[in-house]
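Each chain, written out:
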Amino acid sequence: MRAITYENFGPAGDVLTLEEIPAPTPAGGEVLVRLNTSGANPSDVKMRAGGRPGVTRPPFPKTIPHSDGAGVIEAVGDDVSQARIGERVWIWNGQWQRAFGTAAEYIALPGNQAVALPDNVSFEAGAVLGIPGLTACCAVLGGGPVKGKTVLVSGGAGTVGHLAIQVAAASDAHVLATARGKAGLAAARSAGAAHVFDYASDTLADEILECVQGDLVDRIVEVEFGKNAETNARIIAERGTIAAFGSALDMTPTLPFYPLMFKSVTIELLLVYLLSPERRERTIKDLTGLLRQGALKFRISDRFELADCAKAHDVIAAGGRAGSVILTI
C-alpha cells in the first residue's frame, strides 16, 4: 500500500516520505479500513516535528502519521462480525500510542475505533470527527445537557470552536463566542452564536457581563486557558465549568484561585485521546445523533493528495486556517 512515513523528527519536507509498504492484516478484534480521507491536525504536526516536551526521538522505528480518517471496512479479524465488511466508518486515535496512523491507503485497528459514519456525512467530514468533533462535543456536553444554559465558546472561528458553537446551539443552549477579525466574528456568528465578542478587547469581561445582564455563564469551552483565566473567573457562574482543551499562549498559567473557588468552579482539562471508555461511548453517541440530524457543518480549508502530506503539515504550521486540512487517498 502507499503510505506516508517518517523515521526521525524534523521539517515536514525533510522527513515525510511516500513509500510502498505491505498492507496490514487485521488481528483478532480488529478491522481493516480502506481509507478515503485522512485528517491532519496540529497535534500530528507537533509530533512529527518533535514538539512534545521530553520526547527526543519517535517512539517507533517507522511512523505513519495522523489519528483521524474515514473510509470503508474491507476485512475483519476474528471476533468481529462479517456484517461490518462494507461499512462506512470514521477513525479515532488512529496513531495514538500506535505506529501506523491514517496517512495511508489502509489501517488495521480495534473494531471499536472504527465508528459507523452516517450515510448523510461525507468521508471528508468523517476525517474531522476523531479529534475536532469529539473534543467539541465533549467540551460542550461532557457535563450533561446544556438546554437553557449559557455556553461561551472561546475561539469560535477555530476548527474545534466552530463545531462547539454548533453543538451548543443544536442542544438549545444560549451561545456566546469570542473570535477575532471580521471573518472570524462572522464565522462564529454563522455557526450559531447569539453574541460574538472580539477576544482581544481590553474590556472583554465587561462586555460579556453587560450582555448576560447578571445571568452568568454556565459553561466555558476554552482554547486558551491561561490567557483567559482572569476573564473567565469574572464571567463564570457559581458551580459553572471551564472545559479547557488548550493553553498554547500560556502553558504555565497562574490561576485566580479564590475567585474560582468561591464560585465552586469545576476546571476540566480535556485531552480527547484519553477519554474513559464510558465517556467516549457517550460522546460518540451524542456526536452521532447530531450528525444524523444534519446539525453540524464542516469547514475544509485545504485538500491535498496523499503524496502532498508535507504541504498539508506546512499549512497547519503556518496558522491562519479557516477550517480543517484533509488528505484524499
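Position numbers for residues count from 1 along each chain, tracking the sequence in the order it is written. The predicted origin of the model limits local features to residues at a pLDDT of at least 70 and limits the giving and counting of side-chain atom pairs to 80 or more, whereas totals for whole chains, interfaces and linings rest on all residues. The basis for every side-chain value is the complete set of heavy atoms in the structure, and neither hydrogens nor water enter the calculation.

Enquirer: Hey, could you go over the overall build of the protein chain for me, with residue numbers and the actual values?
Expert: Under the DSSP-based scheme used, a helix requires at least four consecutive residues in state H or I and a strand at least two consecutive residues in state E, with every element numbered from the N terminus. From N to C terminus, the protein chain includes 11 helices and 15 strands. The C-alpha atoms of the protein chain give 20 Å as radius of gyration, which agrees with the globular expectation for 329 residues (20 Å, within 12%). Each of the three principal axes of the protein chain carries a C-alpha extent, and together these read 60 × 40 × 35 Å. Buried residues are those whose accessible area, probed at 1.4 Å on protein chains only, stays under 20% of the maximum for their type, while exposed residues exceed 50% and partly exposed ones sit between those limits. For the protein chain, the residues scored as buried account for 54% of the 329 residues in total. To measure how exposed things are, a 1.4 Å probe is used in the Shrake-Rupley method; for residues, cover is taken only from the protein chains shown. Here the protein chain has roughly 14,700 Å² of accessible surface; of this, 52% comes from carbon and sulfur atoms. Positive and negative charge centroids in the protein chain, built from 30 and 35 side chains respectively, lie 2 Å apart. Computation of the radius of gyration draws on C-alpha atoms, with the globule rule given as 2.2 Å multiplied by the number of residues to the power 0.38. Charge counting follows a simple rule: Lys and Arg are positive, Asp and Glu are negative, and His as well as the terminal groups are ignored. Here the site of a charge means atom NZ of a Lys, CZ of an Arg, CG of an Asp or CD of a Glu.

Enquirer: Any details on the pattern of salt bridges? Residues and values, ideally.
Expert: Just to be clear on terms, a salt bridge is a Lys or Arg side-chain nitrogen sitting within 4 Å of an Asp or Glu carboxyl oxygen. Applying the stated rule across the entire model yields 11 salt bridges. Across the pair Lys-62 and Glu-7 runs a salt bridge, and its minimum N-O distance is 2.9 Å. Here the residue Lys-62 occupies a position in the loop between helix H2 (42-49) and strand S4 (68-76), and Glu-7 occupies one in the loop between strand S1 (2-5) and helix H1 (12-15), the gap between them amounting to 55 residues. What makes Lys-62 partly exposed here is its relative accessible area of 23%. The closest approach of N and O atoms between Glu-124 and Arg-303, which form a salt bridge, is 2.7 Å. Here Arg-303 lies in strand S14 (residues 300-305) and Glu-124 lies in helix H3 (residues 123-126), a separation of 179 residues in the sequence. Each of Glu-7, Glu-19 and Lys-62 takes part in salt bridges that share partners, so that together they form one network.

Enquirer: Would you mind going over the sheet that holds strand S10 (residues 195-198) in detail, with residue names and values included?
Expert: Strand pairing in a sheet takes place through backbone hydrogen bonds and is either antiparallel or parallel in direction. If you trace the six strands from one edge of the open sheet to the other, you get S10-S9-S8-S11-S12-S13, paired in parallel fashion. Taken across any chain shown, the strands that pair with only one partner, and hence form the sheet edges, are S10 and strand S13 (266-269). When the angles between neighbouring strand axes are averaged without regard to direction, this sheet yields 15°. Here, strands pair whenever DSSP counts at least two bridges between them. Inspection of the sheet shows strand S8 (residues 150-153) paired to strand S11 (residues 217-222) by three bridges, in the parallel sense. Within S11, the residue paired with Val-151 across the bridge is Arg-219. Throughout, a contact is declared for two residues whenever any of their heavy atoms are within 4.5 Å. Lines fitted to C-alpha atoms define the axes here, with helix axes fitted over just the stretch in contact, and angles between the N-to-C directions of these axes take values from 0 to 180 degrees. Where helix H7 (residues 204-212) meets the sheet, its contacts fall on S8, strand S9 (174-179), S10 and S11, and the angle it forms with S10 comes to roughly 165°.

Enquirer: Outline the packing of H2 against helix H11 (residues 309-318), listing residues and values.
Expert: If you want to describe how two helices pack, look at the angle between their axes and the distance between the axes. Two elements in contact, H2 and H11, have axes whose closest approach is 9 Å; the angle formed by their N-to-C orientations is 105°. Of the possible angle classes, the one that applies to H2 and H11 is roughly perpendicular. Taking contact as the criterion, the partners of Pro-42, Asp-44, Val-45 and Arg-48 in H2 are, on H11, His-313, Ile-316 and Ala-317. Following the grouping adopted for this structure description, the nonpolar residues are Ala, Val, Leu, Ile, Met, Phe, Trp, Tyr, Cys and Pro, the charged ones are Asp, Glu, Lys and Arg, and the polar ones are all others, Gly among them. Of the residues in the contact of H2 with H11, the class split is four nonpolar, one polar and two charged. Note on angle classes: values under 35 degrees are labelled roughly parallel, values over 145 roughly antiparallel, values of 65 to 115 roughly perpendicular, and the remainder oblique.

Enquirer: Break down the side chain of Gln-113 for me, with residues and values.
Expert: Positionally, Gln-113 belongs in the loop between strand S6 (106-110) and strand S7 (114-116). Among the polar contacts made by the side chain of Gln-113, one reaches the main-chain carbonyl oxygen of Trp-92 at a distance of 2.9 Å. Apart from the residues lying within four places of it in its own chain, the contact partners of Gln-113 are Trp-90, Ile-91, Trp-92, Asn-93 and Gly-94. Polar contact is defined as a pair of N or O atoms within 3.5 Å, subject to the rule that within protein one atom must be able to donate a hydrogen and the other to accept it, and that residues adjacent in sequence are counted only when both atoms are side-chain atoms.

Enquirer: Outline a nonpolar patch on the surface, listing residues and values.
Expert: For patches, a residue must show more than 30% relative accessible area and have no salt bridge; joins then use 9 Å for like charges and 5 Å for nonpolar side chains, namely Val, Leu, Ile, Met, Phe, Trp and Tyr. Together, Phe-257, Tyr-258, Met-261 and Phe-262 make up a nonpolar patch on the protein surface, roughly 490 Å² of accessible area in all. Mapping Phe-262 onto the fold places it in the loop between helix H9 (257-261) and S13. Classification of Phe-262 as exposed rests on a relative accessible area of 62%.

Enquirer: If you had to explain the packing of aromatic side chains to someone new, which residues and values would you point to?
Expert: Ring pairs shown here join Phe, Tyr and Trp side chains whose ring centres sit within 6.5 Å, with only the six-membered ring taken for Trp; geometry is labelled stacked below 30 degrees between planes, edge-to-face above 60, and tilted in between. Under the defined criterion, the tally for this structure stands at three aromatic pairs. Centre to centre, the rings of Trp-96 and Tyr-273 are 4.4 Å apart; their planes meet at 15°, and the pair counts as stacked. Taken together, the positions of Trp-96 in the loop between strand S5 (88-91) and S6 and Tyr-273 in the loop between S13 and helix H10 (277-293) put the pair 177 residues apart, joining distant regions of the chain. Residue Tyr-273 is classed as buried on the basis of its relative accessible area, which comes to 9%. Pairing Phe-257 with Tyr-258 gives two aromatic rings, centres 5.1 Å apart and planes at 80°, and the pair type is edge-to-face. What links up through ring pairs into an aromatic cluster is the set Phe-257, Tyr-258 and Phe-262. Positioned over the ring face of Tyr-106 is Arg-34, at 5.6 Å from the centre of the ring. Cation placement over rings: the criterion is NZ of Lys or CZ of Arg within 6 Å of the ring centroid and within 35° of the ring normal. Taking the ring centre of Trp-92 as reference, the NZ or CZ of Arg-280 above it sits at 4.0 Å.

Honestly, that's just the spatial picture; any functional story needs more than this.
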